[in-house]
Amino acid sequence: MKELEYPFDPGYILKKKRSIKRALLSDGRPRTEKRIAVLAGSTANEIVDMLELFLLDIGIAPVFYLSEYNRWWQDAVFGEPELDSFAPDVAFIHTSLRNITAFPRIDEDKAAADALFDAEMEKFSAAWDGIKSRYKCPIIQNNFELPFFRIMGNRDAYDYRGRVNFVTRLNAAFAKHAEESDGFYINDINYLSACKGLDKWSDPACWHMYKYAMSIPEIPEFSYNLAAIIKSLFGKNKKALVLDLDNTLWGGVVGDDGVDGIEIGPETHMGQVYAEFQRYLKLVRDSGVMLTVCSKNDEENAMAGLNHPSGILRPDDFVMITANWENKDANVAATAAGLNIGEDALVFVDDNPAERAIVASQLPDVAVPNIGAPEEYIRVLDRSRFFEMTAFSGDDLKRNEMYRQNAARAAQQSKFADYGEYLDSLEMTAVIDDFLPVYLPRITQLTNKSNQFNLTTRRFTEDEMRAVYSDPGYIRLYGSLKDKFGDNGIVSVVIGKIDGDSVDIILWLMSCRVLKREMEYAMLDSLANRAKAAGAKELIGHYYPTRKNGMVKELYRDFGFEQVSCDEEQNTCWRLALDGYTPRTEHIKIERNE
Amino acid sequence: MEEKEVYERLNEVFRDVFDDDDLEVNAETTADDIDDWDSLSHITLVSAVEDEFGIRFKMGEVSGMKNVGEMVDTIISRAQ
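Residues numbered from 1 in each chain as written. Chains lettered and ligands numbered in written order. Predicted model: local features only at pLDDT ≥ 70, side-chain atom pairs only at ≥ 80, totals over all residues.

Trainee: Give a description of the overall build of chain A that names residues and reports values.
Mentor: Broken down by element type, chain A carries 23 helices and 17 strands. Principal axes of the C-alpha set define a box for chain A whose edges measure 115 × 55 × 45 Å. By residue count, 39% of the 594 residues in chain A fall in the buried class. Once local pairs closer than 6 in sequence are excluded, the contacts in chain A between residues at least 24 apart make up 70%. (Helix = DSSP H or I, 4+ residues; strand = E, 2+ residues; numbered from the N terminus. Buried ≥ 20, exposed ≤ 12 C-beta atoms within 10 Å, placed from the backbone. Contact = placed C-beta atoms within 7 Å.)

This is the structure:
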């Protein structure tokens, strides 16, 4: 729901929570039920209400258990019948600075401060152990926000008696426990409160009047951060970014401004901002998130922009690069299909509100953040917590490579829609030239076994073929074809007999391995060139039907020949004037033998 | 700020918070008149009023308000 996407309006969500919940519950989306125990050391009702909205929005239907006021520790350590029967899927321990039992006193020695520290850790450890042994579910634990006053001023940070120092030690110990334990996760309110500022976060009025550990307007963002952890635990993270190029990855429009005109890199302020964004995305990529491009551009321009010398991201950093003039919603849908992931795993990043609107309206499952101005891109994407990593494994690092291979295969298939693009992607090179003695055995063999793509089905012995080879009255062509998958070797043979102004095509055949690759056009182009060079004005072709060669019955018509005759046996004769002949080959690079 | 305008905006806030488009508040309205107006929704309400008028009530003001009329008086005095 748009209202719940970061950056959201916390006041609006708080005020409208009832109607938002109603709308979410009536949207008919399927949701997974999850049972969430909230063991809170302060009032948590508003936190639970907000958490419910954010979870509903990401496809989780939460059921809550909320501990009695300040019974969090007793519930965790000693259990509680209602909680036992609730059987939580996840337990959230909502504690804060207000739940620290005792701070070091300024007249105490270091040993006394250490004893307080140990006691505090034992208190929390007992709660964690209790939940783990009783409910065997993941635990999410708040760390601590920093104190909102400093008795010793700046010394509070480094003196063992300082509260700032004490809290920092506890946070480090919590982090160590999380690092060493499975199923234990920190909800980092130390970071969250820093983002908002302690003065905004720690509202004494909210504590003393309502026993809320934080100021009410901060609760939505708190719950959003918490929802991100739960979302990740239950496998609802996003997997890929779909990135626009112009004014998203660099400043300016590469197609208009040229690669030298776009802003990326240290030369301009805006260029620096885009470079920092690209560096951020590279880090995101390195963490296992897939990057893809979806840009309205000619592919050539897109690649030029991505190869800008001051750019950070390179074409290889993307598992898929889509640069064309199709509508973005179609391209984003194709990206999901190509990567074989759901549309709900994609985040669409585009500076253009119109593009965002069409993707959001056509593909409601795709996340479409309003990324703001270039200097806000990182903050918006980062705080949106699309890729919260509750787990991290070596597989995450390999994911990009794996998906790139899959995407390459899928791309081969999907590009059949635009056949020319598919042919280009094969990177074909043909060698078409007069026979060479060394090839005569293969040319003869191919000639005598080709049945389908064979216009005259005329057979030759090797000696007969050698005779043709040494007779200047013939134009002989063999064609071999290689592409990025390998070399197909010799696949086509054409022989024309020079007859005054005409070249009479007595043999035209091709291996069916390379059907629909444009190889027949490449052969025709070469034949036309040679015939013209020999002074011919026209090509004469023949089609002699057999039981097997029906597929080439209309070949000469497709080539642009006109039919001149047809006998009772359906043998046809065709003619093509060479004057004004234009080559047909578009997707094969044609070479001659060395 | 005119008292009339404050009541109009306040009415909208009450309707949003209690999810009831028919709600009309006046100076004498108290928590007893609205079913869902309990101590928890009171917190939401105060926060929403603060958000609407761009003010923060002092603790003493929040606990001292007897009815909607006193809330309106406080809002008007703060806006001056």
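Trainee: Outline the sheet that holds strand E6 (residues 240-243) of chain A, listing residues and values.
Mentor: Residue and element names in this part refer to chain A. Read from one edge of the open sheet, four strands run E8-E7-E6-E9, paired in parallel fashion. Strands at the two margins of the open sheet, each flanked by one partner only, are strand E8 (320-324) and strand E9 (346-349). Sheet twist, expressed as the average angle between the axes of neighbouring strands with direction ignored, equals 15 degrees. Note that E6 and E9 share four bridges and pair parallel. Within E9, the residue paired with Val242 across the bridge is Phe348. (Pairing = 2+ DSSP bridges. Axes fitted to C-alpha atoms, helices over the stretch in contact; angles between N-to-C directions.)

Trainee: An account of helix H1 (residues 3-18) of chain B is requested, with residue identities and associated values reported.
Mentor: Here H1 of chain B contains 16 residues, and its C-alpha end-to-end distance of 22 Å stays within 8% of the 22 Å for a straight helix at 1.5 Å per residue. Looking at H1 of chain B, one finds that the buried residues are Leu10, Phe14, Asp16 and Val17 of chain B. Viewed along the axis of H1 of chain B, the buried residues span an arc of 160 degrees, placing them on a single side of the element. Across H1 of chain B from its buried face, at more than 90 degrees, point the exposed residues Lys4, Glu5 and Glu8 of chain B. Each element contacted by the buried residues of H1 of chain B is listed here: helix H1 (10-15) of chain A together with helix H2 (39-53) and helix H4 (68-79) of chain B. Just downstream of H1 of chain B lies Asp19 of chain B, where phi reads positive at about 50 degrees. (Expected span 1.5 Å × (residues − 1). Arc of directions from axis to C-beta.)

Trainee: Outline the interface of chain A and chain B, listing residues and values.
Mentor: Contact residues are listed per partner, giving 14 residues for chain A and 13 residues for chain B. Of all elements in the fold, only H1, helix H2 (17-25), helix H3 (45-57) and helix H10 (204-210) of chain A reach the threshold of two or more residues within the side of chain A that touches chain B. With four residues, the single largest contributor to the side of chain A that touches chain B is H10 of chain A. Grouping the constituent residues of the side of chain A that touches chain B by class yields six nonpolar, four polar and four charged. (Nonpolar A, V, L, I, M, F, W, Y, C, P; charged D, E, K, R; others polar.)

Trainee: Hey, could you go over the pairing of E8 of chain A for me, with residue numbers and the actual values?
Mentor: Residue and element names in this part refer to chain A. When you tally the buried positions in E8, you get four out of five residues, the bulk of the element. Bridge count between strand E7 (residues 290-296) and E8: five bridges; the pairing is parallel. Along E8, the bridge assignment pairs Thr292 with Met320. Regarding the hand of the β-α-β motif, the stretch spanning E7, helix H14 (residues 299-306) and E8 is right-handed. (Right-handed = clockwise from strand over helix to strand, strands pointing away.)

Trainee: Give a detailed account of the packing of helix H20 (residues 440-449) of chain A against helix H21 (residues 462-469) of chain A, specifying residues and quantitative values.
Mentor: Working note: a packed helix pair is described by the angle between its axes plus the distance between those axes. Residue and element names in this part refer to chain A. Contact geometry for H20 and H21: axes closest at 9 Å, N-to-C directions at 115 degrees. Remark: the crossing between H20 and H21 carries right-handed chirality. Mapping the contact onto sequence places Leu440, Pro441, Ile443 and Thr444 in H20 and Glu462, Met465, Arg466 and Tyr469 in H21. Here the residues of the contact of H20 with H21 are counted per class, giving five nonpolar, one polar and two charged. (Left-handed = near helix turned anticlockwise from the far one by under 90°.)

Trainee: Let's hear about the pairing of strand E14 (residues 538-543) of chain A: which residues, and what values?
Mentor: Residue and element names in this part refer to chain A. Where strand E13 (residues 502-510) and E14 come together, three bridges link them in parallel fashion. Looking at E14, one finds that Ser502 is bridged to Glu538. One ladder, built from six bridges, connects E14 with strand E16 (residues 572-577); its direction is antiparallel. From the neighbouring strand, Tyr543 faces E16, where its bridge partner is Thr572.

Trainee: How would you summarise H20 of chain A if you had to cite specific residues and measurements?
Mentor: All names here are of chain A. Restricting attention to buried positions, one finds in H20 the residues Ile443, Leu446 and Thr447. Angular distribution of buried residues about the axis of H20 spans 100 degrees; they occupy a single face of the element. Of the residues in H20, the exposed ones pointing more than 90 degrees away from the buried face are Pro441 and Lys449. Of the surrounding secondary structure, the elements contacted by the buried residues of H20 are H21, strand E11 (474-483), strand E12 (486-499) and E13.

Trainee: Tell me about the environment of Ala23 of chain A, and please be specific about residues and values.
Mentor: Residue and element names in this part refer to chain A. As for its position among the elements, Ala23 is in helix H2. Using a count of 14 C-beta atoms within 10 Å as the deciding quantity, one classes Ala23 as partly exposed. The spacing of Ala23 and Pro441 is 418 residues in sequence and 76 Å in space, taken between C-alpha atoms.

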